[in-house]
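Chain and residue survey
Chain by chain, the residues run as shown.
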Amino acid sequence: MQSQDMQEVILSAVRDFAKSIAAGDRIYADMSSVIDATSSLPLAHFDHWERLIRDEFSRALNRTDQTQRWFWKGAENPLLLTWLDLISWDGYKREKTLRSISGPAPNAFFFSLAIRRLNDWVPRVREAAREALPKIAEATGPTSVVESLCVALSNWNSWGRIEDADRQVILKIISLAGVAKAFKQKLIASTAGPMSSLLSQLGRTPALDGSLEEIAESAIQPSVRAKAYRCLFEGRMVWLKGREWVWTDIRYCEGRVQAVVAERKLDLSVPSFALIKKTAKDRSPIVRRVSAEFLIRNLGTLGEEARELAEYFAADKSSSVAERGEFALRQLGQ
């Protein structure tokens, strides 16, 4: 579906939903059309879709003549709030919506609406999101949670209001058994996308530590296999924590933005020799290059097997791998 067509379908669904909100003793709001429309919506460019839906929903409600539309059924003068009120212009409504949600998110789009409240400009809304998100995640299907978190993890370093407590909430959700399993399957089965970067971000929590060998052996993307093997070789997970400005010459106001990395030690013990032999036969030169690199690092501990491996790498059809094998042979000959 073309972007323009998709936009019209979503706006039409939002208008229909606004019309279904009725006042008086009987309150009924049918979200099915909005759920159907957003279920196939790509989560990229989420800012655009969030603004578009917020504006249309607000206009549609203002066109109605329903003075009672913000009341929950079954409580004394309670507020009728819906999932779309997570993006209301009113921070009070966003907070109350988060505190009122008790069931699963209808799909990945709506879970994304909830998780983005961790970067909300109102502190009380962020606080409500910290409390509500773990419960929503437990009730929501792991596939929807993972789809939303993939986008959040790729963008959260640019979220200016997110705090360490908010990041801990996301890591807690990642550690849920069903979510961690779904992440593992996504890392293994994905044929495209920044999965190696995702694996780095997931390394903040030990949720996938026990699955690293399986990911390294089975992932379709060579970059993911290479990343997983590197983590096993090094015995640590490394991820991009953020970026900071560093002065190179303050006299002339010169500087540059520098990446800030963090790491976590892995509580795993994998024999280096067995791992090098396994990765040396990988079908991708990206992985074999990592293997040859760690052969060079371990030349002094591998004994006679080191020469055999160095000769194997030196004969590799990939020039970058062969260069490392030849370097290892020269080092052994000294």
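Predicted, not measured: the structure shown is a model, and the values here were computed from it. (Residues numbered from 1 in each chain as written. Predicted model: local features only at pLDDT ≥ 70, side-chain atom pairs only at ≥ 80, totals over all residues. Heavy atoms only, no water.)

A look at the overall build of the protein chain
Quick reminder of the rule: Per the convention used, a helix needs a DSSP run of H or I reaching at least four residues, while a strand needs a run of E reaching at least two, with both numbered from the N terminus. Note on method: radius of gyration uses C-alpha positions; expected globular size equals 2.2 Å times residues raised to 0.38. The rule is simple: take the accessible area with a 1.4 Å probe, protein chains only, and divide by the maximum for that residue type; under 20% is buried, over 50% is exposed, in between is partly exposed. In this description, contact between two residues means that some pair of their heavy atoms is separated by no more than 4.5 Å. Working definition of accessibility: Shrake-Rupley area with a 1.4 Å probe, residue cover restricted to the visible protein chains. Neither His nor the chain termini are counted; the positive set is Lys and Arg, and the negative set is Asp and Glu. We put the charge of a Lys on NZ, of an Arg on CZ, of an Asp on CG and of a Glu on CD.
Assigned secondary structure in the protein chain consists of 16 helices and 2 strands. Compactness check: the protein chain gives a C-alpha radius of gyration of 25 Å against a globular reference of 20 Å for 334 residues, more than 25% above the reference. Across its three principal directions, the C-alpha atoms of the protein chain cover 90 × 50 × 40 Å. Looking at the 334 residues of the protein chain, the share that counts as buried comes to 48%. Pairs at least 24 residues apart make up 65% of the contacts formed inside the protein chain by residues separated by at least 6 positions. Summed over its atoms, the accessible surface of the protein chain is roughly 17,200 Å², and 49% of this surface lies on carbon and sulfur atoms. Across the protein chain, the centroid of the 47 positively charged side chains sits 1 Å from that of the 42 negatively charged ones.

Side note on helix α10 (residues 195-202)
α10 sits mainly inside the fold: 6 of its 8 residues count as buried. Among the residues of α10, M195, L198, L199, S200, Q201 and L202 are the ones counted as buried. In this structure, the buried residues of α10 make contact with α7 (142-155), α8 (164-174), α9 (177-189), α11 (212-218), α12 (222-234) and β1 (236-249).

Some details on the packing of aromatic side chains
For clarity, the cut-off: Pairing of aromatic rings covers Phe, Tyr and Trp, the last through its six-membered ring, and needs centres within 6.5 Å; plane angles under 30 degrees mean stacked, over 60 mean edge-to-face, and all others mean tilted. Put simply, a charge is over a ring when the Lys NZ or the Arg CZ is close to the ring centre, within 6 Å, and near the line of the ring normal, within 35 degrees.
Scanning all chains against the criterion turns up 7 aromatic pairs. Aromatic pair F17 and F57: ring centres 5.6 Å apart, planes at 10°, arrangement stacked. Placement of F17 in helix α1 (residues 3-20) and of F57 in helix α3 (residues 46-62) is noted, with a sequence separation of 40 residues between them. Each member of the pair F17 and F57 is classed as buried. Through a chain of ring-to-ring contacts, three or more aromatic side chains come together here, namely F46, W83, F109 and F110. For the cation-ring pair, R54 lies above W89, with the distance from its terminal atom to the ring centre recorded as 4.7 Å.

Considering the pairing of strand β2 (residues 254-265)
Counted only if it meets this: In this description, strands pair whenever DSSP reports at least two bridges between them.
Of the strand pairs in this sheet, β1 and β2 are connected by 12 bridges, and their pairing is antiparallel. For E244, the partnering residue across the bridge sits in β2 and is Q258. Here β1 hands over to β2 after 4 residues, with C253 in that stretch at a positive phi of 55°.

Digging into the nonpolar core
Put simply, the rule is: In this description, a nonpolar core means a group of buried Ala, Val, Leu, Ile, Met, Phe, Trp, Tyr and Cys residues linked to one another through side-chain atoms lying within 4.5 Å.
Counting residues in hydrophobic clusters, the biggest one holds 98 residues, and the most contacted among them are F183 and L295. Ignoring any residue separated from it by four or fewer positions in sequence, one finds L295 in contact with I276, L302, A306, L309, A310, F313 and A328.

Quick notes on the packing of helix α13 (residues 272-280) against helix α14 (residues 285-297)
The criterion, for reference: Axes, fitted as lines to C-alpha atoms, cover a helix only where it is in contact. Angles between the N-to-C directions of the axes lie from 0 to 180 degrees. Oblique is the label for every angle not falling under 35 degrees (roughly parallel), over 145 degrees (roughly antiparallel), or within 65 to 115 degrees (roughly perpendicular). The handedness criterion is simple: a crossing whose near helix is rotated anticlockwise from the far helix by less than a right angle is left-handed, and one whose near helix is rotated clockwise is right-handed.
The N-to-C vectors of α13 and α14 enclose an angle of 150°; their axes lie 8 Å apart at closest approach. In terms of orientation, α13 and α14 fall into the roughly antiparallel class. Once α13 is placed against α14, the crossing between them reads as left-handed. Contact residues: α13 offers I276, T279 and A280, while α14 offers V287, R288, S291, F294 and L295.

Remarks on the pattern of salt bridges
So the rule is basically this: Basic side-chain nitrogens of Lys or Arg form a salt bridge, by our definition, when they fall within 4 Å of a carboxyl oxygen of Asp or Glu.
Taken as a whole and assessed by the stated rule, the structure comprises 29 salt bridges. As a salt-bridge pair, E50 and R116 come within 2.8 Å of each other at their nearest N and O atoms. Of the two residues, E50 sits in helix α3 while R116 sits in the loop between α5 (108-115) and α6 (123-139), which places them 66 residues apart along the sequence. Across the pair E217 and K278 runs a salt bridge, and its minimum N-O distance is 2.7 Å. Residue E217 is found in helix α11, and its partner K278 is found in helix α13; the two are separated by 61 residues along the sequence. The class for E217 is partly exposed, based on a relative accessible area of 42%. One network of salt bridges, with partners in common, ties together D47, E50, R54, R94, R116, R117 and D120.

Some details on the side chain of K184
Within the secondary structure layout, K184 lies in helix α9. Judged by its relative accessible area of 13%, K184 is buried. Apart from residues no more than four positions distant in its own chain, K184 is found in contact with L208, S211, E214 and I215.

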